[in-house]
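Survey of secondary and tertiary structure
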Amino acid sequence: MPSKASNAHPHVTHAQLDLRRRPRRLRRSAVMRALVRETRLSPENFLHPLFVVPGEGQRREVGSMPGVFQLSVDEIVREAAAAKADGLLGVLLFGLPDAKDPVGSAAYDPEAPVQSAVRAIKREVPGILVVTDVCLCEYTSHGHCGIIIDDEIANDPTVEQLARSALSHAAAGADIVAPSDMMDGRVGRIREALDNAGFSQVAIMSYAAKYCSAFYGPFREAADSTPAFGDRRSHQMDPANVEEALREVELDLDEGADIVMVKPALAYLDVIARVKAEFGVPTAAYHVSGEYAMLKAAARNGWIDEPRAMMETLTSIRRAGADIIITYYAREAARVLA
Ligand code: PBG
């Protein structure tokens, strides 16, 4: 039998290193790596965002988001059942109404797509959590997140509309309402409205630190919510700020938020880490439409290995401190983990 030394490359000589620490020992095999892995992903970490449209039998793929569909209520029920079968715990619903007006009144129409979808999922897919996005931008004719008075988004009247909307979601059976509007004081007002109406068991997941991001582009196609003029800088946060994010989170917790969210995820991993470290509360991160679309586009061009890039991205968000990841990859990632 040749000795071990004779197997070494004949041209390579080396000094005898006296290494007491060899980190590579723990990377030698898949089982060894699994044993010492610090961050684990589970389908239970993911929430699955869905877009509900009026009608029946509707399943329209969003051009900029391959694999994401606008679905009518009957299709949403099938999608929620499939998500549950993949091991996911919940879905997050966005709605596209039949008609829009300047004050977004379809947001609290009990027969609108979201409210109908909540009832249908609760009836037909027992056990899955139903989370609803609360905002006016999908419901206003101008595409802004609130009521416009004197060319400005008027905070307090908007908050009243948001509370009405959250209440209608709770009445339909939502487990969690998720205000994404970034108006001041909305968490407290929604909490009060829910409690006064007997919905104290309904939780609030606030989009606490939501940045004014270019990465929402594809979502606005999916949700038909592009502002007709201007932008969202008067309420969404400046991407340059992190101390402000901590103040926003603190305010929302004071007002009664049960879960806080940072959004987007990838360009804000430091914010996720700070929020989790400083508050220690259930923390969500939204891996948003543009982040998803970039991976899809690169994968379609053959430029990246999509399953690996997907898992690496989701792992990084979890490693930063997110307990919950809202991602359009939820089902795909759950299937990889199965
Ligand atoms: C509604 C809302 C938006 C997103 C979630 N809720 C869009 C926006 O603020 O313009 C973005 C989600 C995504 O990009 O995936 N206000």
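Residues numbered from 1 in each chain as written. Predicted model: local features only at pLDDT ≥ 70, side-chain atom pairs only at ≥ 80, totals over all residues. Heavy atoms only, no water.

Moving on: the overall build of the protein. Within the protein one finds 11 helices and 12 strands. Expressed as lengths along the three principal axes of its C-alpha atoms, the size of the protein is roughly 85 × 45 × 40 Å. Put simply, of all contacts in the protein between residues at least 6 apart along the chain, 74% involve residues at least 24 apart. Counting 38 positive and 46 negative side-chain charges, the protein places the centres of these two groups 14 Å from one another. (Helix = DSSP H or I, 4+ residues; strand = E, 2+ residues; numbered from the N terminus. Contact = heavy atoms within 4.5 Å. Lys, Arg positive; Asp, Glu negative; His and termini not counted. Charge placed at Lys NZ, Arg CZ, Asp CG, Glu CD.)

Here we come to helix H11 (residues 330–337). Of the positions making up H11, those classed as buried are Ala 330, Arg 331, Ala 333 and Ala 334. For H11, the angular spread of buried residues about the axis comes to 165°, placing them on one side. (Buried < 20%, exposed > 50% of the residue type's maximum accessible area, 1.4 Å probe, protein only. Arc of directions from axis to C-beta.)

Before going further, it helps to examine the site of the ligand. Around the ligand sit 18 residues in total, of which Lys 210, Arg 220, Lys 263, Ser 289 and Tyr 328 are the nearest. Gln 236 is positioned with one of its side-chain polar atoms (N or O) 2.9 Å from an oxygen atom of the ligand. Measuring from a nitrogen atom of the ligand, one finds a side-chain N or O atom of Lys 263 at 3.3 Å. Relative to its free-state accessible area of 400 Å², the ligand is covered by the protein chains to the extent of 100%. (Near = heavy atom within 4 Å. Polar contact = N/O pair within 3.5 Å; in protein donor to acceptor, adjacent residues only side chain to side chain. Areas by Shrake-Rupley, 256 points an atom, 1.4 Å probe, with all protein chains shown as cover.)

So, about the packing of aromatic side chains. The tally for this structure, following the rule as stated, stands at 9 aromatic pairs. For the pair Phe 51 and Tyr 328, a centre-to-centre distance of 6.3 Å together with 10° between the ring planes defines the contact as stacked. Remark: Tyr 328 occurs in the loop between strand S12 (324–327) and H11 and Phe 51 occurs in strand S1 (residues 46–53); sequence separation between them is 277 residues. The residues Phe 51 and Tyr 328 share a single accessibility class, namely buried. Ring centres 6.2 Å apart and planes at 40° place the aromatic pair Tyr 207 and Tyr 286 in the tilted group. (Phe/Tyr/Trp six-rings, centres within 6.5 Å; stacked < 30°, edge-to-face > 60°.)

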